[in-house]
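# Examining the three-dimensional arrangement
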Amino acid sequence: MSFIAGIKERAKAANKKIVLPESYEARNLAAAAKILEEGIAQVVLIGEEAKLREAAAGQDISKAIVIDPASYDKMPQLAQNLYEMRKAKGMTLEDAEKLLREDPLYLGVMLVKEDIVDGMVAGAINATGDVLRPALQILKTTPGVSLVSSFFIMVVPNCELGDDGVFVFSDCGLVQNPSAEELAAIAVSSAASFEQIMGTQARVAMLSHSTKGSAKHPDVDKVTQATEIAKKANPALMLDGELQLDAAIVPSIGASKAKGSDVAGRANVVIFPDLDSGNIGYKLVERLAKAEAFGPVTQGIAKPVNDLSRGCSAEDIVGVVAITALQAAAK
């Protein structure tokens, strides 16, 4: 069974309800039809039912739950709750009502907040900032987590490294130049994400151009400090650094360069020191190793909200919905 097939099977068992607020967009409708056909999750669409069925162009979305902002009976309560949350920022009740009627991203997040749905997937036609802004304003961060970050699940064919070719790469999509404290937070969140999705133990490598002091530079110091912070806060976590990429994932090189490490040569979660290296790294693996890249998947928000690439396919959306369902099941 392929990685994504296994994720879909576990998502089916979780039976979560996921909202796709960009509901009139063709890829979302194609994804909704496939998700419903395969039973991966319950799907919620936002809009006028007749227009949605017309936009679906013959694809079967009959099992989708449709929420029409113009007639939804819970809208007054949702608006009242949003107003209470945001009135200190100057929002009026009228503002809240208008926002929920006109912006499906805010309505989608409020549905997540009120446990009407279990998670949200958007971003096919909206920028990352527009997707995450309502999530951060309304849901905020997971208790004990100071930073929202992202990860990619990389599935490398014909590979015995990591977990039979499966890795989490982080952060490749959000945090530009994390401090040592932020890098530690990304590592801890990424380990939890790996274990939620894979159901196996995370082995986290803090990546650098140096292994165990082989180079001296402030950039190396940041990674070693992040390693110390993460270990001190989570002593049971299998995490080590600083490690070069080959020392992190190749057993023979890990044994040579980082003797005694329980992570070196065995890492399945790799933490990049900045967004440049993370973004370049995942794209190199995707293109040169012909790996599948699922993400960016968001971590650190109190409830699952995931952002899509605007270049995503319908099949990409299906995969992210399945992953979102697993994140919801772990909450």
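Placed above this text is the structure.
For the structure given in this document, a descriptive report is provided here.

Within the protein, the regular secondary structure consists of 14 helices and 11 strands. Over its C-alpha atoms the protein spans a radius of gyration of 21 Å, differing by no more than 12% from the 20 Å that the globule rule assigns to 331 residues. Of all 331 residues assigned to the protein, the portion counted as buried reaches 52%. The long-range share in the protein, meaning contacts at least 24 apart out of those at least 6 apart in sequence, stands at 70%. When the accessible area of the protein is evaluated, it comes to approximately 14,400 Å², of which 51% is carbon and sulfur surface. Distance between charge centres in the protein, computed from 34 positive and 42 negative side chains, equals 3 Å.

So, on to the packing of helix α2 (residues 26-38) against helix α14 (residues 314-330). Helix packing for two helices is described by the angle between their axes and how far apart those axes are. Between α2 and α14, the shortest axis-to-axis distance is 8 Å and the interhelical angle comes to 55 degrees. What the angle tells us is that α2 and α14 run oblique. The interaxial crossing formed by α2 with α14 has right-handed handedness. Across the interface between the two elements, R27, N28, A30, A31, K34 and I35 from α2 touch A314, E315, I317, V318 and V321 from α14.

It is worth spelling out the sheet that holds strand β1 (residues 17-20) at this point. The sheet built from five strands is open, its strands ordered β3-β2-β1-β4-β11 with parallel pairing. The open sheet has two edge strands, β3 (65-67) and β11 (305-307), and neither has a second partner. Put simply, the sheet's adjacent strands are angled 25 degrees from each other on average, direction ignored. Bridge count for strand β4 (residues 119-122) against β11 is three bridges, and the pairing is parallel. The residue bridging M120 from the neighbouring strand is V305, located in β11. Its contacts with the sheet place helix α6 (residues 104-113) against β1, β2 (42-46), β3 and β4, and it is angled at close to 160 degrees to β4. Sitting on the sheet, helix α7 (residues 128-139) is in contact with β4 and β11, with an inclination near 165 degrees to β11.

Moving on, we come to the nonpolar core. Formed by 60 residues in total, the largest nonpolar core has its most connected members in F3, L45, I61, I153, V204 and M206. Counting residues in each nonpolar core, the second largest holds 30 residues, with I67, Y72, L105 and V109 among its members.

Take a nonpolar patch on the surface next. Among the surface-exposed residues, I280, L284 and L288 lie close enough to one another that they form a single nonpolar patch of about 330 Å² accessible area. Relative to the helices and strands, L288 resides in helix α13 (residues 275-288).

A few words on the sheet that holds strand β9 (residues 269-271). What the six strands build is an open sheet, ordered β8-β7-β9-β6-β5-β10; its pairing is mixed. Each having just a single partner strand, β8 (238-243) and β10 (292-299) make up the two edges of the open sheet. On average, each strand axis in the sheet is inclined to that of its neighbour by 20 degrees, with strand direction left out of account. Across five bridges, the pairing between strand β5 (residues 149-155) and strand β6 (residues 166-170) is antiparallel. Across the sheet, M154 pairs through a bridge with F167, a residue of β6.

The rules behind these values
- Residues numbered from 1 in each chain as written.
- Predicted model: local features only at pLDDT ≥ 70, side-chain atom pairs only at ≥ 80, totals over all residues.
- Heavy atoms only, no water.
- Helix = DSSP H or I, 4+ residues; strand = E, 2+ residues; numbered from the N terminus.
- Rg over C-alpha atoms; globule rule 2.2 N^0.38 Å.
- Buried < 20%, exposed > 50% of the residue type's maximum accessible area, 1.4 Å probe, protein only.
- Contact = heavy atoms within 4.5 Å.
- Areas by Shrake-Rupley, 256 points an atom, 1.4 Å probe, with all protein chains shown as cover.
- Lys, Arg positive; Asp, Glu negative; His and termini not counted.
- Charge placed at Lys NZ, Arg CZ, Asp CG, Glu CD.
- Axes fitted to C-alpha atoms, helices over the stretch in contact; angles between N-to-C directions.
- Parallel < 35°, antiparallel > 145°, perpendicular 65-115°, else oblique.
- Left-handed = near helix turned anticlockwise from the far one by under 90°.
- Pairing = 2+ DSSP bridges.
- Core = buried A, V, L, I, M, F, W, Y, C linked by side-chain atoms within 4.5 Å.
- Patch = residues over 30% accessible without salt bridge, like charges linked within 9 Å, V, L, I, M, F, W, Y side chains within 5 Å.
- Salt bridge = Lys/Arg side-chain N within 4 Å of Asp/Glu carboxyl O.

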